[in-house]
Amino acid sequence: MALMTLLTTAGGVALILFGVRFLRKGLDRLFGPKLARWMQSVGDSRIKSFFMGLFISVLAPSSISMSILSVQTVQAGHMTARQMLAVILGADVGLTVMVLLIALRLELYAPILVFFGVLLFQFTKANNTRGIGQLLLSLGFIFMGIGTISQAAKTVTPTNEFIDLVQALANYPIGIAIMAAIVTVMMQSSTAAIALLIGLSGITANGGESLFGLDTCIAVVVGANVGIGISTTIVGWSQIESRRLGLGNLLSKTIIAILILIFLPIAAALIADIPANLDKQIAATHTGFNVLMALVFFPFIGPIYSLICHFVPEPQYKEGEAFGPRYINPKLIDESGLATGQSLREILRVSEIIRRMLDDLWLSFKDLDIQRARRIQEQDDKVDLLDAAIKQYLAKVSNADNSEAAANEIIRQLDYLNELETIGDIIDKNLAEIAIKRCRENISFTDEGWAELKSFYEKVAENVLIAETAFATSDIILAQRLLRHKDHLRDIERELRQQHFTRLHTGVQLSHESSAVHLDMLTHLKAINSCVTHVAYAIIKHQQPT
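Residues numbered from 1 in each chain as written. Predicted model: local features only at pLDDT ≥ 70, side-chain atom pairs only at ≥ 80, totals over all residues. Heavy atoms only, no water.

Colleague: Help me out: how do you make sense of the overall build of the protein chain in this one?
Modeller: A tally of regular secondary structure across the protein chain gives 21 helices and 0 strands. A buried classification covers 53% of the 546 residues belonging to the protein chain. Put simply, 82% of the contacts in the protein chain that link residues at least 6 apart link residues at least 24 apart. Roughly 25,000 Å² of accessible area belongs to the protein chain as shown, and the carbon and sulfur atoms make up 61% of that amount. (Helix = DSSP H or I, 4+ residues; strand = E, 2+ residues; numbered from the N terminus. Buried < 20%, exposed > 50% of the residue type's maximum accessible area, 1.4 Å probe, protein only. Contact = heavy atoms within 4.5 Å. Areas by Shrake-Rupley, 256 points an atom, 1.4 Å probe, with all protein chains shown as cover.)

Colleague: Can you help me understand helix α10 (residues 190-200) in this one?
Modeller: Counting buried positions along α10 yields 10 of 11 residues, so the element is predominantly enclosed. Every buried residue of α10 is listed here: Ser190, Thr191, Ala192, Ala193, Ile194, Ala195, Leu196, Leu197, Ile198 and Gly199.

Colleague: Is there a simple way to think about the side chain of Asn225 in this case?
Modeller: By the secondary structure assignment, Asn225 is in helix α11 (residues 214-235). At a separation of 2.8 Å, a polar atom in the side chain of Asn225 contacts the main-chain carbonyl oxygen of Val221. Once residues within four sequence positions are removed from consideration, Asn225 is found in contact with Lys253, His286, Phe289 and Asn290. (Polar contact = N/O pair within 3.5 Å; in protein donor to acceptor, adjacent residues only side chain to side chain.)

Colleague: Teacher, can you tell me more about the packing of aromatic side chains here?
Modeller: Between two aromatic rings, the relevant description is the distance of the centres plus the angle of the planes. Overall, the coordinates contain 11 aromatic pairs when judged by the stated rule. Measuring from centroid to centroid gives 5.2 Å for Phe115 and Phe116, while their planes differ by 75°, and the two rings are edge-to-face. Given a relative accessible area of 45%, Phe116 falls into the partly exposed group. Look at Phe365 and Phe445: their rings are 5.8 Å apart centre to centre, the planes differ by 50°, and that puts the pair in the tilted class. Taken together, the residues Phe365 in helix α16 (residues 336-367) and Phe445 in the loop between α18 (404-441) and α19 (447-473) connect sequence positions 80 residues apart. Of the two residues, Phe365 and Phe445, neither departs from the other in class, the shared state being buried. Among the aromatic residues, those joined into a cluster by ring pairs are Trp362, Phe365, Phe445, Trp450 and Tyr457. Sitting over the ring of Phe121, Arg130 keeps its end group 4.4 Å from the ring centre. A cation over an aromatic ring shows up here: Arg438 above the ring of Phe365, its NZ or CZ 5.2 Å from the ring centre. (Phe/Tyr/Trp six-rings, centres within 6.5 Å; stacked < 30°, edge-to-face > 60°. Lys NZ or Arg CZ within 6 Å of the ring centre and 35° of its normal.)

Colleague: Any chance you could explain unusual backbone geometry here in plain terms?
Modeller: Glycine aside, residues mostly have negative phi angles, and peptide bonds mostly take the trans form. With a phi close to 55°, Leu368 is a non-glycine residue in the positive phi region. Following the sequence through the fold, Leu368 ends up in the loop between α16 and α17 (370-400). On the accessibility criterion, Leu368 (34% relative accessible area) is partly exposed. At Asn442, a residue that is not glycine, the phi angle is positive and equals roughly 50°.

Colleague: Sorry if this is basic, but what is going on with the pattern of salt bridges here?
Modeller: Oppositely charged side chains are able to pair whenever their charged atoms sit close together. Counted under the stated rule, the structure contains 17 salt bridges. Salt-bridge contacts for Arg355 lead to Glu468; the nearest nitrogen and oxygen are separated by 2.8 Å. Note that Arg355 is positioned in helix α16 and Glu468 in helix α19, a separation of 113 residues in sequence. Taking relative accessible area as the criterion, Glu468 reaches 10% and is therefore assigned buried. Here Arg494 ties to Asp491 by a salt bridge, and the two come within 3.3 Å at their closest N and O atoms. Separated by 3 residues within a single helix, Arg494 and Asp491 lie in helix α20 (residues 476-505), roughly one turn from each other. Overall, the relative accessible area of 38% leaves Asp491 in the partly exposed class. Look at the salt bridges and you will find they share partners, linking Asp360, Asp369 and Arg372 into a network. (Salt bridge = Lys/Arg side-chain N within 4 Å of Asp/Glu carboxyl O.)

Colleague: What am I meant to see in a nonpolar patch on the surface here?
Modeller: Nonpolar side chains collect at one region of the surface, where Leu108, Tyr109, Ile112, Phe115, Phe116, Val118, Leu119 and Phe123 lie side by side and expose about 860 Å² of accessible area between them. Locating Leu119 in the fold gives a position in helix α6 (residues 110-123). (Patch = residues over 30% accessible without salt bridge, like charges linked within 9 Å, V, L, I, M, F, W, Y side chains within 5 Å.)

Have a look at this one:
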């Protein structure tokens, strides 16, 4: 009988974990990259960031999803760790809504949620309705897991020795909190850890009361909150700014946890005054922890960030380190929204290399620096390496998630990546050769011809930057601006050619000597501009009503 109870409890835990994981995938399907864009839109205001974090976490009640999304946004460079700390404070408060729902003991309605979830997920084709169905299924699984654990707990009759052990452990709240933190890291969800506690609170001692006292439950809740802070730090450890985010969040949680554990009798007395059963008191503790953290640390986000920066300075990068992908993470392939967020960051890295190549090309052309022109080929090799790695990664993501939203985002990224790779080839195989030719033959230009080339290059370089920003943010205003620039640059290029031909007809000697180089530069710069403006068509098409 004891074995059956243990297996039933394990099954309930498995349902909760599967529900949390399925919930994350449902959020991916329903919102995709929208959550990240919403967060980016409020980065300039700490108060807006706080409430946006609260709003998003209510819509997406998954602690590890919020952690990964926050890390992803920081790693993509859309927000700094300092800005994101405000978002996380709000998100932590919003995430408590899920625990409050669990405490309401809605497991009786779990089959209804599963029923409607299956109808929407299995028998509809629209991505939004399937996403809603997946969310309902996830909630149904979580509530069924809680109900399963609760039913198993009611059948347990603890022995006197077990009661003595639990009561002895209650004297070591710090140890309980540490164990709860470890369990949370293993589960990758503070919601799942606290849900497990709520389910097990049904085990009663001889007096009919819960085996777990309020002090023990508070310690578990405290540990679970610190545990998700540890998970955020682990997820963001690979990159300096996201590491600061994780450590700043973990520091805030740890300080509040220590204060609560120091004043545990007072905290227990306050929670005990809440006229509700233990389940709801556990949920109230979780909410109180995060509200208290927001109240205490919201005014001090700046000093916390400065303190973390002091202990986590910018690293000194060594020359000659092996080059390769920095952001794509094979562990996220099953989470398409998060995976494409990481591939987006890697593509933006490719775009940065392309812009550097274009800058180096112009400097070598201007300064007659043949060595700089030859080094451009090394940069193009890096573009080719990242291009192959990103395409392979996105192919695996596509195989793991064939939803329409994932497919659209993957196609969008691949289209832009292909344009970047084409630009890299134009710079390496065409423009760099032109620069080398100018260096070798010491070709000079008229003042007018040089000014024309310089102006045209600057306009193309500006469009490359606009395209990168438009791709990262899916900003339709920037896309429309890019298309206007394309038409404008086409007219300018035609006018510059005509002016050059006019100088040739008037017999200007320098124009004759530089004619081929001048015209080739215009041709290839115009080709680069055509490549980058393709991103605008994709953005406008994507945002048109269907």
